[in-house]
Amino acid sequence: MRGNVLKIVFTGLFVLFAQTGLAQIVVSPDGEINSISQAVEMAEPGTHIQVQPGTYMESDIGIDKPLTLEGIDYPLIDGNNKGFIFVITADSVTIKGFSIKRTGRSYVRDYAAIMIEGAKDFIIEDNRLEDVFFGIYLAETERGIVRKNRVEAFDTREASSGNGIHLWSVKNPKIIDNEVTGMRDGIYLEFVDNAEIYGNVSNENNRYGLHYMFSDGGQYYDNTFRRNGAGVAVMYSDNVNMMNNLFEHNWGTAAYGLLLKDINYSKIEGNRFYRNTVGIYSEGTNEVHIHANDIELNGWAVNIKSNSARNRFTDNNFIENSFDVQTDSPRNNNEFEGNYWSQYEGYDLDRDGIGDVPYRPVSLFSMVITKQPESLILLRSMFIKLLDTAERIAPVLTPKTLFDENPKMDRIKR
Amino acid sequence: MRGGSILMLIIVSAAVLMGCEPKPQPINYGSDECAYCRMMITDAEFGSQIVNKQGRSYKFDSVECMAAYDLTEESENFHSKWVPNFLNREEWLMAENAVYLHSETLRSPMGLFLSAYKDRDSAEKMKEEYGGDIVDYETVKQIVEREWLSNGSGSRPMLNN
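Residues numbered from 1 in each chain as written. Chains lettered and ligands numbered in written order. Predicted model: local features only at pLDDT ≥ 70, side-chain atom pairs only at ≥ 80, totals over all residues.

## Brief notes about the overall build of chain B
Our working rule: Under the scheme used here, helices are H or I runs from DSSP no shorter than 4 residues and strands are E runs no shorter than 2 residues, and both carry numbers assigned from the N terminus. For every residue pair, C-beta atoms are placed from the backbone, and the pair is scored as a contact if these atoms sit within 7 Å.
Helix and strand content of chain B: four helices and seven strands. Secondary structure elements of chain B, listed N to C terminal, follow the sequence α-β-β-α-β-β-β-β-α-β-α. By sequence separation, contacts in chain B at least 24 residues apart represent 57% of the contacts at least 6 residues apart.

Written out as C-alpha cells, the structure reads:
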C-alpha cells in the first residue's frame, strides 16, 4: 500500500519534470542556442525560455506566441541603437529579469525596449532598462501588469527621450513598483481606462512624473513624484482618484506639484505637496474633492482658475506656503471648509478648536501679482502686509465668498 | 541745422521701429508651457507660435493647439502664425503657406496627427512613407474644429468656458 503511494508520487513527479523539461529552452552565449530570437522561433507556445548571463546583441525580437522569457542574473540585451528590442503581439507573455540597453531613436517611430501591441494578460517584471528611447510601451492592450521595472534615460539632454512607461489605448493595466528616471514623462497615459498605478517612483523626468491624457477611471496611490520638470499633470480625464502620493521639489516657471486641466468627479486625498512652485493648479476642474492633504512650503499652495466650480477643499493642512490660494477673478464657485491654515491670525474664544472668525486665503497681493508678476519683489514688505490686512477685514478686490468659515486652530493630525 | 538733425533722428528712428516686424521667438523646449493646453512644450518638430502685433509670442506644443487657439481667441491682434518644418526643425513656416500631412502613423503631441512641411513635394514624400492626407491650414482648422470644438462628434469637448 505504502509502496504504491510512493510509486504514484514518483511517477507524478517524473511526468511533471519531463513536461517542464520538454517545454524549456536554455539560451547561453556559448551554448548550442546562443540567440534569444532563435529560441523564440523554435519554441512551442507555452515554453519557458531561460536566458543565461551574458551579452546578446539583438533587436526586434518578435514574440507572436505565449511564452515566458526569464533572464538569470540580468543578461544584457544590447540593441546597438537599432529598432525595438522586444515586440510582443501574443497574449500571455512574460518577460522577466533582463537588462536592456540601446534601442533605436527616431522622430517618427516610438522605438521602445519592450513594445506590447494588441495583447492581453502579459507580465513585464523586474527588468532594468537603460539608455532607451521609450522604455515599456503598451498599445491597445488589456489587463497587463508592469511591475518592478527600472527605466533610465539615454542622457540628460533636454527633450531627447521618450516616455518611461507609455500607455496608449489600454484597458485595465496595473503599473506597480516601477522606478523611472530622466525620461520625458515618467508614466504617460493616453486613452487608458481604469489604470491602477501604485508604488512607483518617478523622478527627474524632463516633463511630467505622471501624465494623464483622456484617461478615465482608475486610481493612482502611494507613488513618489520628485524633481520632475513640471510635476504631475492630469488632463482631460474624469473619475481619477489620487491618494497618498508625494509630490515634491517641482520648481520652475511652469512647474506644479499637480496640474489639473479639465478634470471632473475625482478625489484627491491624503497626499503631501511639499516645496513646489504651485502645489495644486486647477483649470476647468469640476466636482473634485480635495480632502486631508498636507500642503507645505510651496510658493502657492493652490492656484484655482475661476472656470473651476463645485470643488471642495476640506480637512487639509496649509502650512507655511508663500500664498495659500490664488485665483483670477472676484467670483468664487468652490468651497473651503475646516482646513488648517498656518497663516490664520484669528482666535478661538470658545476653545472648540475652530477659529471664531473666517479665514480668507486669497491675499490682495496674490491678486496683484497675477496681473503684474514683477511686483513679486515687494513680497514681505510692510506696505503689502498693511494692504493685505486691510483687504482681509473689508474685501474689495478678493473674492468675497472665498473663505473658510471653520478654520482649524491646530494642524490636523494624520 | 539743429532742427534738421532732430527731424532726421525722428525719421531714422521711425524707420528703425517700422523695421521691427514682429517675428517668431525662440521656444524654450522643456520649460515653456502651451498657451492652449498648458502642457510643457518638448518637441521642436511640433512647437508652434502666434505672434501678435506688439511682438509678443504665444507658444504651443503642437499645430493643433495653435489652430484651436486661433479658432477660439480674438484674432484681430494676431500678426502672424508660425509652424516648424517637420524636416528642418530650425525653420519657421507661415502657417497659411505651409503644407500639412494628416497621417495616423505620425503622432503629434495632442493626438491629431498633424505635421507641417515647406512645400508640397516634401509633404508628398512623407505621405509615400507614412500615408494620410495632404491638407492646408484651413483644413487643419476644420479638423481641430471637428475633433475638439464642436460637440456631438463623439470626441470630448476641449473647452471649458
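## Some points on the nonpolar core
We count it as follows: Residues enter a nonpolar core if they are buried, belong to Ala, Val, Leu, Ile, Met, Phe, Trp, Tyr or Cys, and are joined to the set through C-beta atoms within 7 Å. Burial in this document is a count-based property: other C-beta atoms within 10 Å of a residue's C-beta are tallied, and the residue is buried at 20 or more, exposed at 12 or fewer, or partly exposed in between, with C-beta positions derived from the backbone.
Core analysis: the biggest nonpolar cluster contains 140 residues, and A112(A) and I114(A) have the highest contact counts within it. Ranked by the residues each element gives to this core, the list is headed by helix α2 (residues 63–72) of chain B, at six residues. Leaving out residues up to four positions away in the same chain, I114(A) has contacts with I85(A), F86(A), I95(A), I124(A), I136(A) and Y137(A).

## Re the interface of chain B and chain A
Under the convention used in this document: Polarity classes work like this: nonpolar for Ala, Val, Leu, Ile, Met, Phe, Trp, Tyr, Cys and Pro, charged for Asp, Glu, Lys and Arg, and polar for all others, with Gly in that last group.
Facing the 17 residues of chain B at the interface are 22 residues of chain A. Looking at the side of chain B that touches chain A residue by residue, the class counts come to five nonpolar, six polar and six charged.

## Observations concerning the pairing of strand β33 (residues 300–304) of chain A
Residue and element names in this part refer to chain A. Put simply, the test is: Paired strands, as defined in this entry, are two strands with at least two bridges between them according to DSSP.
Across the five residues of β33, five count as buried, placing the element largely inside the fold. By the bridge criterion, four bridges tie strand β30 (residues 278–283) to β33 in an arrangement that is parallel. For Y281, the partnering residue across the bridge sits in β33 and is N303. In this structure, β33 lies alongside strand β36 (residues 323–326), joined through three bridges in parallel fashion. The partner of W300 across the bridge, within β36, is F323.

## Observations regarding helix α4 (residues 137–149) of chain B
All names here are of chain B. How we decide: Think of it as the arc spanned by the lines of direction from the helix axis to the C-beta atoms.
Of the positions making up α4, those classed as buried are Y137, V140, I143, V144 and W148. Looking straight down α4, one finds its buried side chains confined to an arc of 110°; they lie on one side. Residues of α4 that are exposed and angled more than 90 degrees away from the buried face: E138 and R146. Those residues of α4 that are buried are in contact with α2, β5 (99–102), β6 (114–117) and β7 (133–135).

## Quick notes on the sheet that holds β6(B)
All names here are of chain B. Rules: Note on geometry: axes are lines fitted to C-alpha atoms, helical ones only across the stretch in contact, with angles between N-to-C directions running from 0 to 180 degrees.
With antiparallel pairing, the three strands of this open sheet are ordered in space as β6-β5-β7. Each edge of the sheet is formed by a strand with only one pairing partner; in this case those strands are β6 and β7. Neighbour-to-neighbour, the strand axes of the sheet open up by a mean angle of 30°, direction not taken into account. As judged from the three bridges shared by β5 and β7, these two strands associate in the antiparallel manner. Within the sheet, the bridge partner assigned to Y100 lies in β7 and is V135. Here helix α3 (residues 120–130) sits on the sheet in contact with β5, β6 and β7, set at roughly 10° to β5.

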